[in-house]
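# Structural description and commentary
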Amino acid sequence: MPKPDRLLATVAALMCAFESGDLDAAMALYADDAAFYPEPGQLLHGKAQIRPALQSLMALKPRMRLHAHVHAATADIALLHRDWEMHGQAPDGSPMQMRARSADVLARGADGQWRIQVDNPFGTALLDLPAAA
């Protein structure tokens, strides 16, 4: 059974990468075949699709607050929920704020490192939307 602090360290590293604008550090935390919901109704697959979405989010110059919880874990897979809040700057320069509760899946790679397999910042709110292809 994995130690929760190792899993939460992955999430904390992602938040640090976002706040510092370090796209490469953020991408290193995702599995090669990861899935990501950049917004409700849009599902991206793989690092090639995820990278530009994260770059757009980083352009907002986000400041993040989060509280993460490990809900279930096996030796190689874990389900986490995060209560998060993001403050940033919209493209027009106006302040913006978002908040939600995420539902994320992390998987341990062959190298022993935990990576994000499914990044769902909107959690169960996605259940109310049509299924993404």
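Residues numbered from 1 in each chain as written. Predicted model: local features only at pLDDT ≥ 70, side-chain atom pairs only at ≥ 80, totals over all residues. Heavy atoms only, no water.

### Structural notes on empty space enclosed by the protein
- A full pass over the atoms with the stated rule returns one cavity of 30 Å³ or more.
- Volume-wise, the largest cavity comes out at about 200 Å³.
- In this structure, the largest cavity is lined by 14 residues; those nearest its centre are Phe 18, Leu 57, Met 64, Trp 84 and Pro 121.
- Secondary structure elements with two or more residues in the lining of the largest cavity: helix H1 (4–20), strand E1 (30–39) and strand E4 (77–89).
- Its residues assigned to classes, the lining of the largest cavity shows 12 nonpolar, no polar and two charged. (1 Å grid on protein atoms, 1.4 Å probe; cavity = no way out; pocket = protein on both sides within 12 Å on 5 of 7 lines; lining within 4 Å. Points joined across faces, edges and corners; volume = space filled by probe spheres on them. Helix = DSSP H or I, 4+ residues; strand = E, 2+ residues; numbered from the N terminus. Nonpolar A, V, L, I, M, F, W, Y, C, P; charged D, E, K, R; others polar.)

### A short note on the pairing of strand E6 (residues 114–119)
- Bridge count for E1 against E6 is three bridges, and the pairing is parallel. Bridging from a neighbouring strand, Phe 36 pairs with Asp 119 of E6.
- Hairpin connection, strand E5 (residues 95–108) to E6: the antiparallel pair is bridged by five residues, and Gly 112 has positive phi, about 90°. (Pairing = 2+ DSSP bridges.)

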